[in-house]
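# Observations on the model geometry
What follows is each chain in one-letter form.
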Amino acid sequence: MSHALTAAQRQELKNLLLARRDELQAQMTQNRANLAPVENTAGSVSQDESGRLANQTREVDAALTTLDADELARIKRALERMADDSYGLCDECGCAIPFERLKAEPMTRHCVACKSRFEQAQRARG
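Let us look at the structure shown here. Given the structure is predicted, the values throughout are model-derived calculations rather than measurements.

Thresholds, definitions, all that
Residues numbered from 1 in each chain as written. Predicted model: local features only at pLDDT ≥ 70, side-chain atom pairs only at ≥ 80, totals over all residues. Heavy atoms only, no water. Helix = DSSP H or I, 4+ residues; strand = E, 2+ residues; numbered from the N terminus. Buried < 20%, exposed > 50% of the residue type's maximum accessible area, 1.4 Å probe, protein only. Contact = heavy atoms within 4.5 Å. Areas by Shrake-Rupley, 256 points an atom, 1.4 Å probe, with all protein chains shown as cover. Expected span 1.5 Å × (residues − 1). Core = buried A, V, L, I, M, F, W, Y, C linked by side-chain atoms within 4.5 Å. Salt bridge = Lys/Arg side-chain N within 4 Å of Asp/Glu carboxyl O. Polar contact = N/O pair within 3.5 Å; in protein donor to acceptor, adjacent residues only side chain to side chain.

Attention shifts here to the overall build of the protein. Looking only at helices and strands, the protein has 4 helices and 0 strands in total. Burial analysis of the protein (126 residues in total) assigns 26% to the buried set. Residue pairs in contact within the protein that sit at least 24 positions apart in sequence constitute 65% of those at least 6 positions apart. Accessible surface computed for the protein: about 8,300 Å², of which carbon and sulfur atoms make up 53%.

Encoded structure:
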């Protein structure tokens, strides 16, 4: 397998992945803290409104936590591909994914051409 990435480029991409992973884990910790149950203090309309807003905030935090977990899984797969030396190769055609594309989206598993074909197929079905 021929990789177009130098050792320095691979390290730069790994550092990007690790930094994003740390950032996501911190966000998820905060989101989980926000998901803690709100004390139910029945009473005035303003407290009811506050409760509704708190529920909406918890729903948003739950959705964000799910998105973050999905992104963390993609980061984990990218790091595993680095370890087994398949990182930087397109899952579809097997060609080397250019460094600039990986730098913009380090978790990608597809070259631009294959990703474009996939997106066009999705739009055609949609």
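Helix length check: helix 1 (residues 7-34), at 28 residues, gives a terminal C-alpha distance of 41 Å against a target of 40 Å (1.5 Å per residue), a fit within 8%. Taken residue by residue, helix 1 has Q9, R10, L13, L17, L24, M28 and N31 as its buried positions.

Okay, the nonpolar core next. Counting 18 residues, the largest nonpolar core has L5, L13, L17, I75, M82, Y87 and L102 as its most contacted members. Elements with a minimum of two residues in this core: helix 1, helix 2 (45-83) and helix 3 (99-104).

Looking at the secondary structure, you find R101 in helix 3. Overall, the relative accessible area of 16% leaves R101 in the buried class.

Let's shift gears to unusual backbone geometry. Backbone geometry places D85, a non-glycine residue, at a positive phi of 70 degrees. Tracing the sequence through the fold places D85 in the loop between helix 2 and helix 3. A residue is classified by how much of its surface remains accessible, and D85, at 37% relative accessible area, is partly exposed.

Bringing the pattern of salt bridges into the picture now. Scanning the entire structure with this criterion turns up 9 salt bridges. D22 is the partner of R21 in a salt bridge, and the nearest nitrogen-oxygen pair spans 4.0 Å. You can call R21 partly exposed: its relative accessible area is 30%. Across the pair E105 and R74 runs a salt bridge whose closest N-O atoms are separated by 3.4 Å. Placement of the pair is E105 in the loop between helix 3 and helix 4 (112-125) and R74 in helix 2, with a sequence separation of 31 residues. Classification of E105 by relative accessible area gives partly exposed; the value is 28%.

The subject of this paragraph is the side chain of T108. Here T108 shows up in the loop between helix 3 and helix 4. Residue T108 is classed as buried on the basis of its relative accessible area of 4%. Within the structure, T108 has its side chain in polar contact with the side chain of R101 (distance 3.0 Å). The contacts of T108, once residues within four sequence positions are left out, are R74, R81, I97, R101 and L102.

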